[in-house]
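# Understanding the architecture of this molecule
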Amino acid sequence: MKLDRIALCYMLSAPAARAFAVISSRHGVRSSCSASSKKSLRRTPPFAMVSTSADAPASDTSANAAAGGSNPLLDQKGLPRFASIEPEHLSPAVSKVLEDFESGFEGLESKLADTDPSYEDVLPQIEKMQEPLGYVWGVAGHLNGVKNGDELRAAYEENQPAVVKVSSKVSQSKAVY
């Protein structure tokens, strides 16, 4: 594996280091997180070291290209661009990924209604459809936890019902289950 980049990211807490590892693993980035014991945590903050490779899979960025490429939440290639993300990016990004997800999921449901699908036929398609939403909502949740402010909190709370609604729709789909 060829390494293109290595980053050492200091985290505020052990849960933040674990969240960083989860987000980076979803995007083909190897990470090594250290969440030290409480005693050593006082001396040294937990950290995550990540490395990306040239052959790491990149998420589809066509949604961002269609949106003019200006929303960093829709640029899902590589690690999140936390420094570029503002609260006003959240609602348009969530709307876009929910719209794409719902149209894809409706197509999947109609396709499944006519067949007797197997687990292997359904799960990869659902995971592929959920990936952009998981990315956007995961980054939003992380920022809400570590960089909370009135604007971000309002945007997060505004979008949460729509995200929950779509998640419920998937888990309660008769065609899928």
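This part is about the environment of S167. Relative to the elements of secondary structure, S167 occurs in helix α6 (residues 150–171). Under the relative-accessibility criterion, S167 is labelled partly exposed at 41%. Taking C-alpha positions, S167 is 10.0 Å from L133, a pair spaced 34 residues apart along the chain.

Moving on to the packing of helix α4 (residues 87–113) against α6. The contact between α4 and α6 brings their axes to 9 Å, and the two run at 5°. It follows that α4 is roughly parallel to α6 by the angle criterion. Across the interface between the two elements, P87, E88, L90, S91, V94, L98, F101, E102, F105, E106 and E109 of α4 pack against E151, L152, A155, Y156, E158, N159, A162, V163, V166, K169 and V170 of α6.

Another aspect to go through is the confidence of the model for the protein chain. Of the residues in the protein chain, 61% have a pLDDT of 70 or more, and the chain-wide mean is 73. At the level of individual helices and strands, the protein chain shows its lowest average pLDDT in strand β3 (residues 47–53), which scores 36, and its highest in α6, which scores 94. Contacts of residues 1–15 to residues separated by more than four positions or lying in other chains number 39 contacts, the stretch itself having pLDDT below 50. This stretch, residues 31–68, has a pLDDT under 50; its non-local contacts, to residues over four places away or in other chains, come to 85 contacts.

This next bit is on the packing of aromatic side chains. Tallied over the full model, the rule gives two aromatic pairs. Where F101 meets F105, the ring centres are 5.6 Å apart and the plane angle is 10°; that geometry is what we call stacked. Residue F101 and its partner F105 are both found in helix α4; the two are separated by four residues, about one turn of the helix. The exposure classification of F101 matches that of F105, with both residues buried. Between the aromatic rings of W137 and Y156, the centroid separation amounts to 4.4 Å while the plane-to-plane angle is 10°, which identifies the pairing as stacked. Of the two residues, W137 sits in helix α5 (residues 119–146) while Y156 sits in helix α6, which places them 19 residues apart along the sequence. Neither W137 nor Y156 differs from the other in exposure class; each is buried.

Another point: the pattern of salt bridges. Any two side chains of opposite charge can pair if their charged atoms end up close together. One pass over the structure, following the stated rule, counts four salt bridges. With a closest N to O distance of 3.6 Å, E106 and K169 form a salt bridge. Separated by 63 residues along the polypeptide, E106 in helix α4 and K169 in helix α6 bring together distant segments of the chain. Given a relative accessible area of 46%, E106 falls into the partly exposed group. We classify K169 as partly exposed; its relative accessible area is 30%.

A separate point is the nonpolar core. Counting residues in hydrophobic clusters, the biggest one holds 29 residues, and the most contacted among them are L73, L90, V94, F105, I126 and V136. Counting residues per element, the ones that place at least two in this core are α4, α5 and α6. Considering every element that reaches this core, the biggest residue donor is α5, with ten residues. Every residue in contact with V94, bar those within four places of it in the chain, is listed here: V136, W137, N159 and V163.

As a further point, take the side chain of S91. Structurally, the position occupied by S91 is in helix α4. Taking the relative accessible area as the measure of exposure, S91 reaches 17% and is therefore buried. Apart from residues no more than four positions distant in its own chain, S91 is found in contact with E158 and N159.

The next subject is the side chain of D75. With respect to the helices, strands and loops of the structure, D75 is situated in the loop between α3 (62–66) and α4. Here R81 takes part through its side chain, which lies 2.7 Å from a polar atom of the side chain of D75.

What counts as what
Residues numbered from 1 in each chain as written. Predicted model: local features only at pLDDT ≥ 70, side-chain atom pairs only at ≥ 80, totals over all residues. Heavy atoms only, no water. Helix = DSSP H or I, 4+ residues; strand = E, 2+ residues; numbered from the N terminus. Buried < 20%, exposed > 50% of the residue type's maximum accessible area, 1.4 Å probe, protein only. Axes fitted to C-alpha atoms, helices over the stretch in contact; angles between N-to-C directions. Parallel < 35°, antiparallel > 145°, perpendicular 65-115°, else oblique. Contact = heavy atoms within 4.5 Å. pLDDT = per-residue confidence, 0-100. Phe/Tyr/Trp six-rings, centres within 6.5 Å; stacked < 30°, edge-to-face > 60°. Salt bridge = Lys/Arg side-chain N within 4 Å of Asp/Glu carboxyl O. Core = buried A, V, L, I, M, F, W, Y, C linked by side-chain atoms within 4.5 Å. Polar contact = N/O pair within 3.5 Å; in protein donor to acceptor, adjacent residues only side chain to side chain.

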